[in-house]
Amino acid sequence: MEVGPKMEETELSLGLGLGLPGGGSGGGGVGEMVVKSSGVGNKRGFSETVDLKLNLTTTNSNSSAKDKTVTSPPLDLMKNDHKAEDVSSKITADPARPPAKAQVVGWPPVRSYRKNVLAVQKSAGGSEDETEKSGGATLVKVSMDGAPYLRKVDLKLYGSYQDLSDALGKMFSSFTLGNYGAQGMIDFMNESKLMGLLNGSDYVPTYEDKDGDWMLVGDVPWGMFVESCKRLRIMKGKEAAGLAPRAMEKCKNRS
Amino acid sequence: MRESKPNGPGAGPGPPCPDQVLENVLENVLQFLTCRRDRNAASLVCKSWYRAEAMTRSELFIGNCYAVAPGRATARFHRITAVVIKGKPRFADFGLMPINWGAHSTRWLTAFAGAYPFLEKIYLKRMSVTDDDLGLIANSFSCLKELTLVCCEGFGTSGLAVLACKSRQLRVLDLFEDEVNDDEVDWISCFPESGTCLESLSFDCVECPINFAALERLLGGSPNLKKLRLNRFVSIGQLYHLMIRAPQITHLGTGSFSPSEITQQAEQELDYRAAFTACKSLVCLSGFREIAPEYLPAILPVCANLTSLNLSYANINAEQLRSVICYCHNLQTFWVLDTVGDEGLQAVAATCKDLRELRVFPVDPREDSEGFVSEVGLLAISEGCRMLQSILYFCQRMTNAAVTATSKNCPELVVFRLCIMGRHRPDHLTNEPMDEGFGAIVMNCKKLTRLAVSGLLTDKAFDYIGKYGKLVRTLSVAFAGDTDMALKYVLEGCPNLLKLEVRDSPFGDSVLRAGLPHFYSMRFLWMSACRLTLPACGEIAKEMPHLVVEVFTSGTEPVHDEDEFVDTSYMYRSLEGPRDDAPEYVRIL
C-alpha cells in the first residue's frame, strides 16, 4: 500500500511494502498489531517486519498486550513494554497467586524524578553523559535541526516507536512526521522504497547508537533500540537520506 | 469601607443603613480569618456573610483544577493576592497517567491575569506549565513576589529565562521536583545585573548546567537571599565560593557536594568547615546529590542548629551518618536513604529527640531490591523520637509488632505511610497479614489524617480503618484487600475521607454503589487495575451530575468497550461537568 508524501491524519499503513499477506489484520480496527515473529538476530526480511496500522491523531499504541489480535506470544519486541507487564500483574492481582517478578509500572511508589536522580548517580562518573542509563532511566538527549531547544527523553517510559513518536511530536510541535516518522520498523532491504520515503518526508528521527554510528530510528526492534540508543536527532529527511545506505549495510551485516 | 447610599436627589450622604454597617464590621472581622475551612464555613452562614467573606479572602486554594472553572473563582473573589492550584492526582508521579492528560495552567493564568493583575503569590502543584505560561506570568503580574512550582512539567530553561528577566519584584522562585527541559539557555544570566530582591532561589531539580559566574554575580546582587538550593551541576568547590559570599543563608541545598573532575585538586584544599562555620543562621540543609562522603564532616559546625536535614540523595552508610547525626539534637525533619540501614536509624533515634518528620527512601527503588532497613529501624525510631508526626518508610521487611509499637510510642502521628516494597508481603516473622499493625495505627494515633498501607492485607485492615480512622482524609491502597467489603468499610466509616487512591486491588463495581453517598464530599477517587467495569462507571456518571468520571489507560491506548475492566477510573467532584481539554484517549463518561 503506497502512501503519498503528504502526512495523512487518518490511518497510515507503513509504506515500504509492509502490508503483509494477511497483514491487513482485517483492516478494520486501528492500532492493531500482528507480530509475525521477531527473534533477535534473525534476518528481518520482508515477511518478518511488524505491520503497524497507525492513526496519528488518536494514538493507538501498538504495544498493548490486551490486543486480541496478537497471534504469537510477545517476544523481544515486547521486552520494554510496560503495559504488557502491567497487565500481567493486574491479571494476577489475586493475593493467593502473587505475580511473577515482572516489574510493575509505578511500583514501588517512588517518583520518577527521584528514580532518575538515583539512576544518574549509579552511572559512573559524575559528569553529565549523553546517555544516563541504569535500572531506572534511559535518558537521551533529543535535538531537532532548526529548533532552539533540546529535550531529554527517558526511553524506558515508552513501549514502542509509536509512543516515542507521539512524545516527540508533542515536544517539537512543528515536528511533522513523514510517513516514516518513528512509527515502526523499516524495511531496509528495499532501497528504492526507503529512499522514496526519506525524500518525501519533512523530518526524520535518527539516533546515535553504541558504536557511534548515526542510524535511522526504526531499524531494529524497539527493545534493541532502547538498549543501543545514545542520542536522538531529528533531521531533515533529505539529510537523513545519506544515512540510509549505511544503515542498510549495517542491517545486512547484522543478519 | 463602603459608601452609603444617598437619601435622595440633592441630599448629602445620610447615615449608613444597618446592613452595610454589619457588612463593614464583618469584613473587618473576617479579614483575620486565615484558615480556608473556617472561611468556607463562614461563607455559608448567609448571603451577607458570603459577600463579606468573598471580599476579604486573599488566598485562593483550588485543590483540583478541574473542580471549578477559573471564571467562577474570579467572579466570586475579587481581592485575591495569593493562589494555590493543584492539578493531577498523586499517582501521576508514578507514571500511571497518560501523557498530556491535562492540568494545563494556561486557562487559570489567563483568568488571573485579567482578574488579579496585582497577584503576589502563585503556587502550582502537579500542573502542566509551558514556557508560554511562564512568559504569561512574567508579563501579566508586575507585582509577583513568589512563584513556587512543585512536581510540574512542560517548561524549560527558556521559560525560566523570561521569568528571571522580567519579574523584577520576585522574592521567591522555588522549583521543587519539577521536570525542567534543558533548552540550553543560560537563564541565570537573565536576572537583572543591577540586583534583585530574591530571598529564595531553589533550582535543585533543574537538570542542566548553569553559568556559575553568573550565579556568583546574582548572589552578589541579592543581599536578601536566605534560601538557596543548588542543582547537582554545582561542585563543592563552587559551593564554597557561594557560601563565603552569602553567610546569611538559612536554607542551603548543597548541589553535588563533590569536587568536579577538572578542578578536583584545587577543590580539595578549601576549608569547607570554615565556610559552614561562617553560616551561623543555617537551619536547613539539603542537596548532597553526588556526595563524596569524605566531605560530609564539613557540615559539623552547623549540625547543632539544624532543624531540617535532607540526605535522601546521599548514598552514605551508618558510620558516615552517625558521625554527623550525633550532633543534630535540634533536628525536626530528616530525610535519608536506606543505605544507612537500621543501624543508621538507631543513631538518629539516639540523638534526634525532637524529630517530627522522618522519610526513609530506597536507594534501589525496585520491587525486588535488597532492602537495607526493616522493622528494627522503625522500632528504634519510634522509641527514640516520641514527637514524630509524619513517617514515610520504604522497606522490604516489616512486622506487626513494630508497627503496633510505633502506634503506641508516637501518638502524635498525623501522617503514616509505610511502603513494604515487595507486593503482598506478610509480617516476615509471623507470616501473618499486616492487618493488626495498621489497625493499631488507626486505633492509637488519634490525630491521623493521612495513611498509606502496604504489605499483605485482608479486608480486616480496612475494617479497622473504617472503624477507627475517623480523621483520615487521604488513604493510599495498593495490592491489598480481598473483597469489595474492604473499600465499603472505608467509604462508610471515614467521614472525613477526601482523597482515596487505590491500585491493583480486587475491588469491583459494588464499591461504587456503596460510595455514591460520599463522592460529593470527596475531592477524588482513583481506582486503577481494579475490577471496575465500564458500564458501572457510566452509571455512576449518569447518577451524579457533579461528578466527573474519567476512564483511561496509562498510555495512549483508548479504552475499549469490550474490555472486561477499565484500566483506570479517576472521578472527582466538579461544578463544571466534563472538561473540554482531555486528549482523545481519555474518556469522560
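As a convention, each chain's residues are numbered from 1 in the sequence order in which they are written. The naming scheme follows written order: chains are lettered A onward, ligands numbered 1 onward. For this predicted model, a pLDDT threshold of at least 70 governs which residues receive local features, and a threshold of 80 or more governs which side-chain atom pairs are given and counted, while totals over whole chains, interfaces and linings are taken from all residues. For the side-chain quantities, the full set of heavy atoms in the structure was used; hydrogens and water were omitted.

**So, the overall build of chain B**
Turning to step 1, where the next piece is worked out: Looking only at helices and strands, chain B has 21 helices and 23 strands in total.
Turning to step 2, where the next piece is worked out: In this treatment the radius of gyration is a C-alpha quantity, and the globule benchmark scales as 2.2 Å times the residue count to the 0.38 power. For a compact globule of 589 residues, the expected C-alpha radius of gyration is about 25 Å, and chain B comes in at 26 Å, within 12% of that figure.
Turning to step 3, where the next piece is worked out: For chain B, the spread of C-alpha atoms along the three principal axes comes to 85 × 65 × 45 Å.
Turning to step 4, where the next piece is worked out: Each residue gets one of three labels from its accessible area relative to the maximum for its type: buried under 20%, exposed over 50%, partly exposed in between, using a 1.4 Å probe on protein chains only. Here chain B, with 589 residues, has 59% of them falling under the buried criterion.
Turning to step 5, where the next piece is worked out: Whether two residues are in contact is decided by their heavy atoms, any of which lying within 4.5 Å being enough. Excluding contacts between residues fewer than 6 apart, the proportion of contacts in chain B whose partners are at least 24 apart in sequence is 71%. Helix and strand assignments follow DSSP, with helices taken as H or I runs no shorter than four residues and strands as E runs no shorter than two, numbered in order from the N terminus.

**Brief notes about unusual backbone geometry**
Turning to step 1, where the next piece is worked out: Cis geometry is adopted by the peptide bond preceding proline 108 of chain A, which originates at tryptophan 107 of chain A and carries an omega value of -5°.
Turning to step 2, where the next piece is worked out: Relative to the helices and strands, proline 108 of chain A resides in the loop between α1 (82-91) and α2 (112-122).
Turning to step 3, where the next piece is worked out: Notably, phenylalanine 257 of chain B is not glycine yet its phi reads approximately 60°, a positive angle.
Turning to step 4, where the next piece is worked out: The topology assignment puts phenylalanine 257 of chain B in the loop between β10 (251-254) and α10 (264-268).
Turning to step 5, where the next piece is worked out: The class for phenylalanine 257 of chain B is buried, based on a relative accessible area of 1%.

**What about the state of the cysteines?**
All names here are of chain B.
Turning to step 1, where the next piece is worked out: When two cysteine sulfur atoms are found within 2.5 Å, that pair is recorded as a disulfide. This structure, assessed with the given rule, holds zero disulfides over all chains.
Turning to step 2, where the next piece is worked out: In this structure cysteine 165 is a free cysteine whose sulfur lies 6.1 Å from that of cysteine 190, the closest cysteine sulfur available.
Turning to step 3, where the next piece is worked out: Cysteine 165 sits in the partly exposed class, given a relative accessible area of 33%.
Turning to step 4, where the next piece is worked out: Cysteine 530 takes part in no disulfide bond, and the closest cysteine sulfur to it belongs to cysteine 537, at a distance of 10 Å.

**What about the pattern of salt bridges?**
Turning to step 1, where the next piece is worked out: Whenever a carboxyl oxygen of Asp or Glu lies within 4 Å of a side-chain nitrogen of Lys or Arg, that contact is scored as a salt bridge. Enumeration according to the criterion identifies 32 salt bridges over all chains in this entry.
Turning to step 2, where the next piece is worked out: Salt-bridge contacts for glutamate 207 of chain B lead to arginine 232 of chain B; the nearest nitrogen and oxygen are separated by 2.9 Å. Of this pair, glutamate 207 of chain B sits in the loop between β8 (200-202) and α8 (212-220) while arginine 232 of chain B sits in the loop between β9 (227-230) and α9 (236-245), and the two are 25 residues apart along the sequence. Taken individually, glutamate 207 of chain B and arginine 232 of chain B each receive the classification buried, so the pair is uniform in this respect.
Turning to step 3, where the next piece is worked out: One salt-bridge network, in which partners are shared between bridges, spans Arg111 of chain A together with Asp93, Arg126 and Glu177 of chain B.

**A word on the packing of aromatic side chains**
Residue and element names in this part refer to chain A.
Turning to step 1, where the next piece is worked out: Pairing of aromatic side chains requires ring centres within 6.5 Å, counting the rings of Phe and Tyr and the six-membered ring of Trp. Pairs whose planes differ by under 30 degrees are stacked, by over 60 edge-to-face, and all others tilted. Applying the stated criterion across every chain yields a total of 27 aromatic pairs over all chains.
Turning to step 2, where the next piece is worked out: Both rings, one in tyrosine 161 and one in phenylalanine 225, keep their centres 5.3 Å apart while their planes meet at 50°; by these two values the pair is tilted. Note that tyrosine 161 is positioned in helix α3 (residues 161-171) and phenylalanine 225 in helix α5 (residues 222-228), a separation of 64 residues in sequence.
Turning to step 3, where the next piece is worked out: The class of tyrosine 161 is buried, set by a relative accessible area of 4%.

**Examining the pairing of β10 of chain B**
All names here are of chain B.
Turning to step 1, where the next piece is worked out: Both faces of β10 are covered, namely the face carrying His251 and Gly253 and the face carrying Leu252 and Thr254.
Turning to step 2, where the next piece is worked out: When DSSP finds two or more bridges between a pair of strands, those strands are recorded as paired. In the sheet, β9 pairs with β10 via four bridges, with the strands oriented parallel. Looking across to β10, one finds that leucine 228 is bridged to leucine 252.
Turning to step 3, where the next piece is worked out: The definition of a right-handed crossover adopted here requires that, viewed with the strands pointing away, the path from the first strand over the helix to the second runs clockwise. In this region the chain leaves β9, passes through α9 and returns to the parallel neighbour β10; the handedness of that crossover is right-handed.
Turning to step 4, where the next piece is worked out: Relative to strand β11 (residues 284-286), β10 runs parallel, the two being bridged by three bridges. Following the sheet pairing, histidine 251 is matched in β11 by cysteine 284.

**Re the packing of helix α14 (residues 341-351) of chain B against helix α15 (residues 375-384) of chain B**
Residue and element names in this part refer to chain B.
Turning to step 1, where the next piece is worked out: Axis definition: a line fitted to C-alpha atoms, over the contacting stretch in the case of helices. Angles run 0 to 180 degrees between N-to-C directions. Running from amino to carboxyl end, α14 crosses α15 at an angle of 0°, the nearest separation of the two axes being 8 Å. The angle between the axes of α14 and α15 places the two elements in the roughly parallel class. Between α14, through Asp342, Leu345, Gln346, Val348 and Ala349, and α15, the contact on the second element is made entirely by Val376, Gly377, Ala380, Ile381 and Gly384. Small angles under 35 degrees read as roughly parallel and large ones over 145 as roughly antiparallel, with 65 to 115 read as roughly perpendicular and the rest as oblique.

**Examining the UniProt feature "domain: Transport inhibitor response" (unreviewed entry) in chain B**
Turning to step 1, where the next piece is worked out: The sites that carry the UniProt feature "domain: Transport inhibitor response" (unreviewed entry) are, in the present numbering, residues 78-124 of chain B.
Turning to step 2, where the next piece is worked out: In residues 78-124 of chain B, helix accounts for 21% and strand for 19%; the two terminal C-alpha atoms are 20 Å from one another. UniProt positions are given in the numbering used here, feature names are shortened, and annotations may be inferred rather than shown by experiment.

**Some details on the pairing of strand β19 (residues 499-503) of chain B**
Residues and elements named next belong to chain B.
Turning to step 1, where the next piece is worked out: Within β19, four of the five residues are buried, leaving the element largely enclosed by the surrounding structure.
Turning to step 2, where the next piece is worked out: Bridge count for strand β18 (residues 474-478) against β19 is five bridges, and the pairing is parallel. Following the sheet pairing, valine 477 is matched in β19 by valine 502.
Turning to step 3, where the next piece is worked out: On the question of chirality, the crossover connecting β18 to the parallel β19 by way of helix α19 (residues 485-493) is right-handed.
Turning to step 4, where the next piece is worked out: Judged from the five bridges that link them, β19 and strand β20 (residues 524-528) form a sheet pairing that is parallel.

**Brief notes about helix α6 (residues 131-140) of chain B**
Turning to step 1, where the next piece is worked out: Taking burial as the measure, the 10 residues of α6 of chain B include seven buried ones, the bulk of the element.
Turning to step 2, where the next piece is worked out: Contacts made by the buried residues of α6 of chain B are with β6 (150-154) of chain A together with α5 (106-115), β3 (121-125), β4 (146-150), β5 (153-156) and α7 (157-166) of chain B.

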